[in-house]
Each structure stands twice: as C-alpha cells, then as structure tokens.
Amino acid sequence: MTQTSENVTWLTQEAYNKLKEELAYLSGPARTEIAAKIAAAREEGDLRENGGYHAAKEEQGKQELRVRQLTQLLQNAKVGEAPADDGIVEPGMVVTIAFDGDEDDTMTFLLASREYASGDIETYSPQSPLGLGVNGKKAGEDAEYELPNGKMAMVRILSATPYTG
C-alpha cells in the first residue's frame with residue numbers, strides 16, 4: 001500500500017492508477033464544472049451577499065488544494081508490490097492491537113496514508129504516534145507510543161495481515 005520514507009511514498013500500481021485518475025478528473029472536468037458554478041453565481045448580482053458564489057469559491061479552493069496534494073504525492077511516488085504476509089507491521093497492513101496487553105481491549109486498523117482511508121476500516125498514518133510505535137514490530141511483540149498528553153502507552157501486536165481492499 002503506502003510507505004513514506006522522507007518524501008517518498010510507496011504505492012501499489014492499483015493505488016497509483018486510482019490517484020492518477022482522481023488528479024486527471026480534478027484537473028480537467030471538475031475545474032470546468034466549478035468555473036461554471038462560479039460564473040453562474042457571479043451573474044446573480046451582489047457578490048457580498050451571494051452565498052452560492054462564496055460556496056463555489058470555497059469548493060474551488062478545496063479542489064485546488066487536493067490537486068496540489070495529489071501532484072506532490074504522485075511526483076514522489078514509487079510503485080511497488082503490496083507488503084508480504086509475514087506478520088510484520090508495515091504500511092499496507094491491517095493491524096490488530098491489544099491495549100496494555102489486554103486482549104479484551106483491542107483495535108483493528110489499516111496502517112497507511114490517508115489516501116486509503118475508507119469507511120470500512122479505521123486508518124492510521126505510519127507517521128502518527130501509534131503508526132511510528134507499531135511499524136516494524138511482529139505479532140506477539142509489544143510496542144510503545146506517545147499519547148497527545150505526553151504519556152506513553154503500551155500495546156501488544158496481535159496480528160498484521162496485508163490489506164486486501
């Protein structure tokens with residue numbers, strides 16, 4: 001899936017193609033659509049009180065930010081294979097952890113960049129405190145990470161399997 005080392009992001013070919021398609025859409029048809037919305041709203045008159053105009057401009061700003069993010073991500077992308085099913089936590093793996101070693105208090109998440117985030121499974125970035133703590137560990141090992149309040153938390157890795165999407 002993804003692995004970031006400095007500014008390089010590792011992507012599967014499928015993920016790279018999906019992000020390229022999104023960038024092509026946002027850079028072409030989506031720009032035309034938002035320009036038409038802005039033009040139509042501008043024709044309605046006074047821009048200071050024109051909610052449609054301001055909403056369209058805000059949407060345009062968000063869209064352009066996403067275009068810049070995708071452009072940078074794809075410029076720094078390296079295409080590779082999905083991770084091996086070897087039980088070692090790395091980007092692209094679905095990880096199940098137990099908090100403080102308590103196997104009744106568990107959480108399962110995908111360790112990947114936000115481009116993989118979906119409603120199906122919670123996603124943690126490899127650069128997040130939890131991601132940094134578990135990355136490289138094997139099933140059965142303990143990992144420690146820093147909480148937002150500065151305290152340390154301990155988790156046990158129960159499993160790590162490749163994400164199948």
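What counts and what doesn't
- Residues numbered from 1 in each chain as written.
- Predicted model: local features only at pLDDT ≥ 70, side-chain atom pairs only at ≥ 80, totals over all residues.
- Heavy atoms only, no water.
- Buried < 20%, exposed > 50% of the residue type's maximum accessible area, 1.4 Å probe, protein only.
- Helix = DSSP H or I, 4+ residues; strand = E, 2+ residues; numbered from the N terminus.
- Pairing = 2+ DSSP bridges.
- Polar contact = N/O pair within 3.5 Å; in protein donor to acceptor, adjacent residues only side chain to side chain.
- Contact = heavy atoms within 4.5 Å.
- Salt bridge = Lys/Arg side-chain N within 4 Å of Asp/Glu carboxyl O.
- Expected span 1.5 Å × (residues − 1).

*Asks:* A description of the pairing of strand β4 (residues 93-99) should follow, citing residues and the corresponding values.
*Replies:* Burial analysis of β4 places 6 of its 7 residues in the buried class, the great majority of the element. The pairing of β4 with strand β5 (residues 106-111) spans 6 bridges and is classified as antiparallel. Each bridged residue has a counterpart across the sheet, and for M93 the counterpart in β5 is L111. Inspection of the sheet shows β4 paired to strand β8 (residues 152-162) by 7 bridges, in the antiparallel sense. Directly across from I97, in β8, lies its bridge partner I157.

*Asks:* So what's going on with the side chain of N50? Which residues, and what values?
*Replies:* Here N50 lies in the loop between α2 (29-42) and α3 (51-75). Engagement of the side chain of N50 in a polar contact is seen with the backbone oxygen of A41, the distance being 2.5 Å. One polar contact links the side chain of N50 to the main-chain amide nitrogen of G52, over a distance of 3.2 Å. In this view, N50 contacts A41, R42, E44 and G45; residues no more than four positions away in its chain are not counted.

*Asks:* Go over the pattern of salt bridges with me, naming the residues and quoting the values.
*Replies:* This structure, assessed with the given rule, holds 5 salt bridges. A salt bridge links K62 to E58, with the nearest nitrogen and oxygen atoms 3.4 Å apart. A residue pair is termed a helical-turn pair when its members lie 3 or 4 positions apart in one helix, as K62 and E58 do in helix α3 at 4 residues.

*Asks:* How would you sum up α3? Please name residues and give values.
*Replies:* Its 25 residues place the ends of α3 36 Å apart at the C-alpha level, agreeing with the 36 Å of an ideal helix rising 1.5 Å per residue. Among the residues of α3, Y53, A56, Q63, R66, V67, L70, L73 and L74 are the ones counted as buried.

*Asks:* Could you give me a rundown of the sheet that holds β5, with the residues and numbers involved?
*Replies:* On the basis of which strands lie adjacent, the open sheet formed by 5 strands has the order β6-β5-β4-β8-β7 and mixed pairing. Sheet topology places β6 (123-124) and β7 (142-146) at the edges, where each strand pairs with a single neighbour.

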